[in-house]
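Per-entry structural report
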Amino acid sequence: MEDTEVRRKLRLAGLKGLQGVVRKTVSDDLQVNIWEKTHMDKIIPSLLYNMQDNRPLSLSADATDSSSSEEHNPAVLAEMCLREVTGRATFGNIKAVLQPVLKHLDNHELWVDNKFAIHTLKVIVFSIKSQYTYDVVQILLSHLDEHSKDQACIRTGMVSALSKIISIAAGEAVGPSVVGTVNSLLTHLRHSVDSRSQDEEHRFQEAVINTLGEFVQSLPDYQKIETMMFILSKVPVPDPDNAFRDGDVLVQNMLLKSLLKVGTKYTTVQLTATFQGPFIEPLLRISLAPDPVVRLIVQHILHTLIDRRGNLEKFMKPDLNIVNSDINIEKCSRQDVMFMKKSGQDLYMCVYNNLQFQNNRQENIEALLCTVCLLAVEVANEDVWIDVIRLALAIQEMACINNVLSEQRRCAIHAMVACIMNLVGYLLALPNVNQYVEQVIKLRQEDAPHLLPEIVIGDDGGSTTPPETGSTLSEVLLFDRNALAEAFRNHEHDVARLQLPFVPRQSSELVSVTRSISDLNSISVEVDSINSSPGIVRKHPEEEITVESLKKMMAEPLDVNKEAEEARRIQIVEKYRTATFEELIAEKSEAKMDQLQNKLNEIFGKLSASGGGHDLGRTPGSPNPSATKGDEYSKATCAPPLYEIRFPDLFVF
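Residues numbered from 1 in each chain as written. Predicted model: local features only at pLDDT ≥ 70, side-chain atom pairs only at ≥ 80, totals over all residues. Heavy atoms only, no water.

**Side note on the overall build of the protein chain**
When you go through the protein chain residue by residue, the secondary structure sums to 27 helices and 0 strands. Counting every position in the protein chain, which comprises 653 residues, the buried fraction comes to 45%. Of the contacts made within the protein chain by residues no fewer than 6 positions apart, 76% connect residues no fewer than 24 positions apart. Of the roughly 34100 Å² that the protein chain leaves accessible, carbon and sulfur atoms contribute 53%. (Helix = DSSP H or I, 4+ residues; strand = E, 2+ residues; numbered from the N terminus. Buried < 20%, exposed > 50% of the residue type's maximum accessible area, 1.4 Å probe, protein only. Contact = heavy atoms within 4.5 Å. Areas by Shrake-Rupley, 256 points an atom, 1.4 Å probe, with all protein chains shown as cover.)

**Considering the side chain of R309**
Along the chain, R309 falls in the loop between helix 15 (292-306) and helix 16 (334-354). Judged by relative accessible area, which is 16%, R309 ranks as buried. Not counting residues up to four positions away in its chain, the partners in contact with R309 are N328, E330, K331, V377 and E378.

**Structural notes on the nonpolar core**
By size, the foremost hydrophobic cluster in this structure holds 162 residues, and its most contacted members are I395, M416 and F479. In terms of nonpolar packing, the next biggest core, distinct from the first, is built from 7 residues, C400, C411, A448 and L473 among them. (Core = buried A, V, L, I, M, F, W, Y, C linked by side-chain atoms within 4.5 Å.)

**Describing the environment of K95**
Summarising the element assignment, K95 is placed in helix 5 (residues 94-107). Along the sequence, K95 and D135 sit 40 residues apart, while their C-alpha atoms lie 8.5 Å from each other. Those residues in contact with K95 that sit more than four places away from it in its chain are P100 and I139.

**Some thoughts on empty space enclosed by the protein**
Under the defined criterion, the tally for this structure stands at 3 cavities of 30 Å³ or more. Its boundaries defined by the atoms lining it, the second largest cavity holds a volume of some 60 Å³. For the second largest cavity, the full set of lining residues is K314, F315, K317, P318, D319, I322, L369, C373 and C419. A per-class count over the lining of the second largest cavity returns 6 nonpolar, no polar and 3 charged. (1 Å grid on protein atoms, 1.4 Å probe; cavity = no way out; pocket = protein on both sides within 12 Å on 5 of 7 lines; lining within 4 Å. Points joined across faces, edges and corners; volume = space filled by probe spheres on them. Nonpolar A, V, L, I, M, F, W, Y, C, P; charged D, E, K, R; others polar.)

**Comments concerning unusual backbone geometry**
If you check the backbone angles, E109 has positive phi at about 50° while not being a glycine. Residue position: E109 is located in the loop between helix 5 and helix 6 (115-127). With phi around 60°, A429 is a residue other than glycine that occupies positive phi space. Among the secondary structure elements, A429 is positioned in the loop between helix 19 (407-428) and helix 20 (431-447). For A429, a relative accessible area of 53% corresponds to the exposed category.

**A closer look at helix 7 (residues 133-146)**
Over its 14 residues, helix 7 runs 21 Å from end to end, which matches the ideal 20 Å to within 8%, given 1.5 Å per residue. Burial within helix 7 is extensive, with 10 of its 14 residues counted as buried. In the core, the buried residues of helix 7 are packed alongside helix 5, helix 6, helix 8 (152-169), helix 9 (176-194) and helix 10 (199-217). (Expected span 1.5 Å × (residues − 1).)

**Considering the confidence of the model for the protein chain**
On average, residues of the protein chain score 79 in pLDDT, and 74% of them are at 70 or above. Helix 23 (residues 507-512) is the least confidently modelled element of the protein chain, averaging 45 in pLDDT, while helix 15 averages 95, the highest of any element. A low-confidence stretch, residues 456-463 (pLDDT under 50), is modelled with 14 contacts involving residues beyond four sequence positions or located in other chains. Counting interchain partners and residues more than four positions distant, the pLDDT-below-50 stretch residues 612-637 has 15 contacts. (pLDDT = per-residue confidence, 0-100.)

**Things to note about the pattern of salt bridges**
On inspection of all chains with the given rule, the structure shows 19 salt bridges. A salt bridge links E378 to R308; its shortest N-O distance comes to 3.1 Å. Of this pair, E378 sits in helix 17 (residues 362-378) while R308 sits in the loop between helix 15 and helix 16, placing them 70 residues apart in sequence. Judged by its relative accessible area of 0%, E378 is buried. When its relative accessible area of 21% is taken as the criterion, R308 is described as partly exposed. Salt bridges linked by common partners bring R308, R309, E330, D336 and E378 together as one network. (Salt bridge = Lys/Arg side-chain N within 4 Å of Asp/Glu carboxyl O.)

**What about the packing of aromatic side chains?**
Counted under the stated rule, the structure contains 6 aromatic pairs. Aromatic pair F91 and Y132: ring centres 6.1 Å apart, planes at 50°, arrangement tilted. Residue F91 is located in the loop between helix 4 (74-88) and helix 5, and its partner Y132 is located in the loop between helix 6 and helix 7; the two are separated by 41 residues in the primary sequence. An aromatic cluster of three or more residues is present, and its members are F275, F279 and F339. (Phe/Tyr/Trp six-rings, centres within 6.5 Å; stacked < 30°, edge-to-face > 60°.)

**Points about the packing of helix 7 against helix 8**
At a minimum axis separation of 9 Å, helix 7 and helix 8 run at an interaxial angle of 165°. Put simply, helix 7 runs roughly antiparallel to helix 8. Judged by the twist between their axes, the crossing of helix 7 over helix 8 is left-handed. On helix 8, the residues touching T133, Y134, V136, V137, L140, L141, H143 and L144 of helix 7 are R155, M158, V159, L162, I165, I166 and A169. The residue inventory of the contact of helix 7 with helix 8, partitioned by class, reads 12 nonpolar, 2 polar and 1 charged. (Axes fitted to C-alpha atoms, helices over the stretch in contact; angles between N-to-C directions. Parallel < 35°, antiparallel > 145°, perpendicular 65-115°, else oblique. Left-handed = near helix turned anticlockwise from the far one by under 90°.)

**Let's talk about helix 21 (residues 481-490)**
An α-helical turn contains 3.6 residues, so any two residues separated by three or four positions project in the same direction. Those residues of helix 21 lying buried are R481, L484, A485, A487 and F488. Burial along helix 21 is one-sided: seen end-on, the buried residues are contained in an arc of 160°. Taken together, the buried residues of helix 21 touch helix 18 (382-401), helix 19, helix 20 and helix 22 (496-499). One side-chain oxygen at the N-terminal end of helix 21 lies 3.2 Å from the backbone nitrogen of N482; it belongs to D480. Within two residues after helix 21, E492 carries a phi angle of roughly 60°, on the positive side. (Arc of directions from axis to C-beta. Polar contact = N/O pair within 3.5 Å; in protein donor to acceptor, adjacent residues only side chain to side chain.)

**Some details on the packing of helix 5 against helix 6**
To characterise two packed helices, one gives the angle between the axes of the helices and the distance between these axes. Where helix 5 meets helix 6, the axes come as close as 11 Å, and the angle between the chain directions of the two elements is 175°. Considering their axes alone, helix 5 and helix 6 lie roughly antiparallel with respect to each other. Counted together, L98, V101 and L105 of helix 5 and F116, A117, T120 and I124 of helix 6 form the full contact between these two elements. Considered class by class, the residues forming the contact of helix 5 with helix 6 number 6 nonpolar, 1 polar and no charged.

Below is the structure:
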């Protein structure tokens, strides 16, 4: 007992001596430089040893500094000395303080059970000047790089300790520092995946992902978006020409989980700001990856970023009674409408192509249903709802004719269509539309309950075996486009958009797309806009403004003009959707060739007359064929002049 008391007093005396040395040398430039490695390698380990010995680790980082505690507890006095040393450190001296700390933790194997390591790092971060806190993170990341070959449990302890302090220092991270930190964490994550992860490696990966989430939580929104784009750029994309290795799938999985973690820390305000072109296009390409788990994670990312009003939990599971729940719906902004016009068709096509994978699980189909429902609710616009109906009808047709999908999958898709139609009918609030949807659902409840979400459809090979569906389904059990159009007409709604079929693109086409391509069916072709082209004015014969045409317009009812305009618009859309490029070029060229050629002949004729008979067909600077004899020049006179060559008017400016 006496030896323990003597040891305690000796420690207190030594610590007070160190405290006095630090105070004296730091404030006096004439004294020895206390920040040199030789001195710090003796001072810092001494302080850490006293902090660790009989230290109540539950004590908070901002422990009391009362004189009574200092006099009786060497651990408290050692911590106060460490706080004083780090508080006096400048930018150039931070590394001199931290290096002995990290070396002490390495030598005494304090990373595995990292409570003391976390406490020590918190003491340093809370004591150091605020503008230097991020340097602690960078030094710790460099230390992790140096120990990248160590056991997974040691690296996990380092990353876990980093996660406890990184949110404190994230506020001081700007510009390249953010990208550098994210890149360093992703590099360690990828190396861990390449090492064929086991249980310890899996814990290390989870620790890295959590650390990344803690880091971005304190960043401003624009940096969160940039971080998500940076992570997405690191995700390997399937190459149709080369086989996709299992390691690449694991890398995809881990990086997308990191992206999902960052997405949970971001709050979407405008869809246009979140889903920018460099972000949404590669994300949709990755959504068509062969692995169902990767596709599921991408859908969860979309859910996190699309949901702004807390409706995600209500759409996680398919339910026809969802309309009775409290769905938060607000009027969408003009920016959201513009976003759907630009990228909506790509999102719909992503859902359509995802449903055609044979290895889909029930979770994949439920996630796709959730994506469609969130889009319909978050962008509360009638045009969007009509497009969702067109998508649902296309999905229903695909489920009927696709014989490659199993019966369980086809039944799940039909149940998905029923949920979509039920929700859209509720959003439209048109009684006739709701009545028709409820009628189809009621018939399914009586004759085909396996086409409704109430029947839990398991994965292939499960105990549930639904009856054969496919082309044998009765038409009354399916949603009909004409019946829906009639219901809309009863409410005096335009059905032109609804009548246009949803034309799907193949998966390979969507993967190779590099920009947002709107579906031709959703384009309202304005024929009058072509009159803005300079030079040539295009008019339809029936649009010539004459006295007779004005009288005819006054006499005819408005419906006749609308029907003619609609028929012409559908004809133009169909022509541009089905005709080949060569046919369109030939039609345009033949229609105006004579008029354009006559105008060119007239212009060149006037120039020839005013130029004194100069040969306009001769290239400037070439000899005159009429003044020179020879076969070569004789052949040149046989060539047609340049102005007689016929060019398609599409290529004439």
